[in-house]
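Coordinates in review
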Amino acid sequence: MSNAVFQRLALLASAAVLAGCASVSPDGLRSSVQALVGERTGTAGVALPSTHAATRAQSQDAMRGWLAQPLTQEAAVRIALLNNPGLQAQLAALGIADAQRVQALTLPNPHLTLGRLVSGQEREIERTLAVSLLDLITLPWRTQWQNQQMEQATLAAAQQVLLLAADTRRAWLRAVAAEQVAGTYERMHEAAEVGAELAQRMLRVGNWSLLQQAREQAVLLQSSAELARARLAAAIAREQLNRRMGLWGAQTDYALANQLPPLPATALAADGLEATALRSRLDLQSARRQQNLQDRQQGWTEAG
């Protein structure tokens with residue numbers, strides 16, 4: 001057997017092996033996303049929406065338990081990761097992309113053709129087995145391309161998870177702070193109401209003038225306007241948090257924690273902080289891989 005024939009057979013064998021190794025991830029690549037997120041948050045048990053009905057039911061039970069208690073920041077993040085519609089759609093799209101990758105790498109079935117020729121007393125059976133040679137030859141390159149695209153999609157999904165977690169933390173802080181501010185204005189308004197009532201009584205007995213009573217009434221009106229603005233700001237902040245967590249209807253009747261978390265005892269060291277952020281950002285990693293892929297497609301090579 002010549003070397004050329006042997007090389008062709010080896011190429012076909014490797015292509016067939018690559019085609020046989022392509023399979024769909026059972027969880028739609030959610031475990032890969034969880035691993036990337038856990039490395040950057042320090043949380044090993046990051047829970048994402050599951051593809052199994054039983055696990056989804058357990059997640060709903062856990063969410064009801066978290067909402068029955070004063071909502072903490074960590075509980076808000078966990079609910080958002082499990083229940084946010086946008087994240088669910090992106091993870092579902094990631095699973096579809098994984099299935100499309102496997103379909104693109106699956107070799108088409110060979111075509112078997114049978115023919116029967118009759119000439120007088122002679123009969124001849126013709127058998128033909130046809131396989132797409134082009135699909136076999138291009139399979140290694142298509143495998144590399146599809147894997148690269150899947151890695152970028154996984155990085156994008158993990159980046160979306162991190163952004164959602166950060167946005168939910170900020171929304172929770174703003175909602176709790178807004179409720180505390182509204183509570184302060186409510187106490188101020190109660191004090192203004194007491195002052196206005198006292199001024200009215202003092203005016204009736206002749207101990208205060210109309211000017212003094214009008215001043216207390218003006219304070220009451222101003223506190224009413226400030227309280228209305230504070231309540232509106234608290235409602236907006238709470239609605240932003242609800243959107244992050246994907247809650248609606250009766251699910252929004254929860255109580256927030258009554259205080260903000262304490263500040264860190266020590267500040268983060270500034271040395272190397274920017275370099276660490278640039279090295280760990282998933283969107284930059286995805287951009288670098290996309291650039292490397294384009295360089296290889298155009299025939300460029302890295303110097304050095």
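Details of the structure are given in the entry above.
Residues numbered from 1 in each chain as written. Predicted model: local features only at pLDDT ≥ 70, side-chain atom pairs only at ≥ 80, totals over all residues. Heavy atoms only, no water.

Bringing the overall build of the protein chain into the picture now. Scanning the protein chain from N- to C-terminus turns up nine helices and two strands. The linear arrangement of helices and strands in the protein chain, starting from the amino end, is α-α-α-α-α-β-β-α-α-α-α. Pairs at least 24 residues apart make up 74% of the contacts formed inside the protein chain by residues separated by at least 6 positions. Total accessible area on the protein chain stands at roughly 19,800 Å², and carbon and sulfur atoms take up 57% of it. (Helix = DSSP H or I, 4+ residues; strand = E, 2+ residues; numbered from the N terminus. Contact = heavy atoms within 4.5 Å. Areas by Shrake-Rupley, 256 points an atom, 1.4 Å probe, with all protein chains shown as cover.)

Taken as a whole and assessed by the stated rule, the structure comprises six salt bridges. Here R238 makes a salt bridge to E179, at a shortest N to O gap of 3.1 Å. Of this pair, R238 sits in helix α7 (residues 210-245) while E179 sits in helix α6 (residues 133-204), placing them 59 residues apart in sequence. Judged by its relative accessible area of 16%, R238 falls in the buried class. Residue E179 is classed as partly exposed on the basis of its relative accessible area of 34%. (Salt bridge = Lys/Arg side-chain N within 4 Å of Asp/Glu carboxyl O. Buried < 20%, exposed > 50% of the residue type's maximum accessible area, 1.4 Å probe, protein only.)

With the rule as written, the count across this model stands at zero aromatic pairs. A cation sits over an aromatic face here: R238 above Y254, 4.1 Å from the ring centre. (Phe/Tyr/Trp six-rings, centres within 6.5 Å; stacked < 30°, edge-to-face > 60°. Lys NZ or Arg CZ within 6 Å of the ring centre and 35° of its normal.)

With 43 residues, the main nonpolar core has L71, L241 and M245 as its most contacted residues. Listed by contribution, the elements that provide at least two residues to this core are α2 (30-41), α3 (53-68), α4 (73-83), α5 (85-105), α6 and α7. Per-element accounting of this core gives the leading share, 14 residues, to α6. Residues in contact with L241, not counting those within four places in the same chain, are L71, A76, T168, A171, W172, A175, Y254 and L256. (Core = buried A, V, L, I, M, F, W, Y, C linked by side-chain atoms within 4.5 Å.)

Let us now look at the packing of α3 against α4. Think of two packed helices as two axes; the pair is described by the angle between the axes and how far apart they sit. Closest axis-to-axis distance for the α3/α4 pair is 10 Å, and the angle between their directions is 150°. As the angle between them shows, α3 and α4 are arranged roughly antiparallel. As α3 packs across α4, the resulting crossing turns out to be left-handed. Contact residues: α3 offers S59, Q60, M63, W66 and L67, while α4 offers A75, R78, I79, L82 and N83. (Axes fitted to C-alpha atoms, helices over the stretch in contact; angles between N-to-C directions. Parallel < 35°, antiparallel > 145°, perpendicular 65-115°, else oblique. Left-handed = near helix turned anticlockwise from the far one by under 90°.)

Summarising the element assignment, Q152 is placed in helix α6. Setting aside anything within four residues of it in sequence, one finds Q152 in contact with S286, R289 and Q290.

Right, let's talk about the environment of R231 for a bit. Following the sequence through the fold, R231 ends up in helix α7. Classification of R231 by relative accessible area gives partly exposed; the value is 47%. Expressed as a C-alpha distance, the spacing of R231 and E179, which sit 52 residues apart in the sequence, is 7.7 Å. Excluding anything up to four places from it in sequence, R231 contacts A182 and E186.

For R101, the position within the fold is in helix α5. Among the residues examined, R101 registers a relative accessible area of 13% and is labelled buried. For R101 and T143, which are 42 residues apart along the polypeptide, the C-alpha to C-alpha distance reads 8.5 Å.

Turning next to the packing of α4 against α7. Across the interface, α4 lies against α7 with an axial gap of 7 Å and an inter-helix angle of 50°. Relative to α7, α4 is oriented oblique. Of the residues in α7, those in contact with A76, I79, A80 and N83 of α4 are L241, R244 and M245. Considered class by class, the residues forming the contact of α4 with α7 number five nonpolar, one polar and one charged. (Nonpolar A, V, L, I, M, F, W, Y, C, P; charged D, E, K, R; others polar.)

Attention now moves to the side chain of H189. For H189, the location among the structural elements is in helix α6. Look at H189 and you get buried, because its relative accessible area is 12%. Only 3.1 Å separates the side chain of H189 from the side chain of S223, close enough to count as a polar contact. Setting aside residues no more than four positions away along its own chain, H189 makes contact with L220, S223, S224 and L227. (Polar contact = N/O pair within 3.5 Å; in protein donor to acceptor, adjacent residues only side chain to side chain.)

Here the focus is α7. Residue pairs spaced three or four apart in an α-helix point in one direction, given the helix's 3.6 residues per turn. For α7, spanning 36 residues, the distance from its first C-alpha to its last is 52 Å, which sits close to the expected 52 Å at 1.5 Å a residue. Taken as a whole, α7 has its buried residues at Q213, L220, S223, E226, L227, A230, A234, A237, R238, L241, N242 and M245. Just downstream of α7, G246 is the residue with a positive phi angle, here 70°. (Expected span 1.5 Å × (residues − 1).)

Worth remembering: the numbers are spatial, not functional.
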